[in-house]
Amino acid sequence: MRLRPFIPLLVMVVLACRPEPPRRVDNPNLGVAATFPGEPRLNKAIEPTPFGEIQWFDVTYVPPGRLDESFSISVGNLPKGKEGGSTPGEILATMEGWLKYRLGGITRIDLPAPQGPGFRYEAKHPSGRVIEGAVVLRRGRLHHAQATVRKANDGRLRAFIDGFEVAP
């Protein structure tokens, strides 16, 4: 049997299966820090929200070959005006409602005062994937971390969500 032509293919498969080293990202411009499972990318997008149109700056990591998993932080300035609420409580309630609408329901856990104002949440995707996130409101900005993984006991999920920080 002649294996020689398949050796480059086997090497590529083995290299593609190696896990990437975790990457701590501290972005002072966005005021966030988190430990991603690999090298994230910075993107910018404009999205209609219950607050009006928001320009989000996203730091996102999607594992190679895994379109069903993602780790992202989105930071956006709230538009001027009172659409979506004018107090932190109203704004966070609007964000919670928007997440419930988008994810089909969430379980909310308020953050302790030094980490907030904000909340953590959990959701279950119809496919069985686990979605966890955190929302923090600071300096007129929404800071939103969210991870989608296949199993709740995924260590990458814990490192990402538990290590998510927003600058005071």
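For the structure, see preceding data.
Quick notes on the rules
Residues numbered from 1 in each chain as written. Predicted model: local features only at pLDDT ≥ 70, side-chain atom pairs only at ≥ 80, totals over all residues. Heavy atoms only, no water. Helix = DSSP H or I, 4+ residues; strand = E, 2+ residues; numbered from the N terminus. Buried < 20%, exposed > 50% of the residue type's maximum accessible area, 1.4 Å probe, protein only. Areas by Shrake-Rupley, 256 points an atom, 1.4 Å probe, with all protein chains shown as cover. Phe/Tyr/Trp six-rings, centres within 6.5 Å; stacked < 30°, edge-to-face > 60°. Lys NZ or Arg CZ within 6 Å of the ring centre and 35° of its normal. 1 Å grid on protein atoms, 1.4 Å probe; cavity = no way out; pocket = protein on both sides within 12 Å on 5 of 7 lines; lining within 4 Å. Points joined across faces, edges and corners; volume = space filled by probe spheres on them. Pairing = 2+ DSSP bridges. Axes fitted to C-alpha atoms, helices over the stretch in contact; angles between N-to-C directions. Contact = heavy atoms within 4.5 Å. Arc of directions from axis to C-beta.

I tried to follow the overall build of the chain on my own but got confused; where do I start?
Across its full length, the chain carries three helices and ten strands. Overall, the chain shows an N-to-C arrangement of helices and strands of α-β-β-β-β-β-α-β-β-β-β-α-β. Taking all 168 residues of the chain together, the buried fraction comes to 42%. Total accessible area on the chain stands at roughly 10100 Å², and carbon and sulfur atoms take up 57% of it.

Hey, could you run me through the packing of aromatic side chains in this one?
Within a pair of aromatic rings, the relevant descriptors are the distance that separates the centres and the angle that separates the planes. One pass over the structure, following the stated rule, counts four aromatic pairs. Judged by centre distance (5.7 Å) and plane angle (80 degrees), the ring pair of Phe71 and Phe160 falls under edge-to-face. Of the two residues, Phe71 sits in strand E5 (residues 70-77) while Phe160 sits in helix H3 (residues 155-162), which places them 89 residues apart along the sequence. Summarising the burial analysis for this pair, Phe71 and Phe160 share the class buried. In textbook terms, an aromatic cluster arises when at least three aromatic residues are bridged by ring pairs, as seen for Phe36, Tyr61, Phe71 and Phe160. Lying over the aromatic face of Trp98, Arg102 brings its terminal NZ or CZ to 4.4 Å of the ring centre.

Is there a simple way to explain the layout of surface pockets in this structure?
To find leftover empty space, a probe the size of one water molecule is rolled over the atoms. The calculated volume of the second largest pocket comes to roughly 300 Å³. Forming the walls of the second largest pocket are 17 residues, and the residues nearest its centre are Ser72, Ser74, Arg102, His144 and Gln146. Within the residue set of the lining of the second largest pocket, elements represented by two or more residues are strand E3 (41-49), strand E4 (52-61), E5, helix H2 (88-103) and strand E9 (141-149). In terms of residue count, the dominant contributor to the lining of the second largest pocket is H2 (five residues).

When you look at the sheet that holds strand E6 (residues 107-110) in this model, what are you seeing that I'm missing?
Within a beta sheet, neighbouring strands are joined by backbone hydrogen bonds and run either parallel or antiparallel to one another. Taken in spatial order, the seven strands make up an open sheet running E3-E4-E5-E9-E8-E7-E6, and their pairing is antiparallel. The open sheet has two free edges, formed respectively by E3 and E6, since each of these has just one partner strand. Along the sheet, successive strands turn relative to each other by an average axial angle of 20 degrees, direction set aside. Inspection of the sheet shows strand E8 (residues 130-138) paired to E9 by nine bridges, in the antiparallel sense. Across the sheet, Val136 pairs through a bridge with His143, a residue of E9. Contacts from H3 reach E5, strand E7 (118-124), E8 and E9, with the element oriented near 175 degrees to E9.

Mind showing me how you'd approach H3 here?
Residues spaced three or four apart along an α-helix face the same direction, because each turn holds 3.6 residues. Turning to H3, its buried residues are Leu157, Phe160 and Ile161. Down the axis of H3, the smallest arc covering the buried residues is 90 degrees, so these residues share one side. Of the surrounding secondary structure, the elements contacted by the buried residues of H3 are strand E2 (32-36), E5, E7, E8 and E9.

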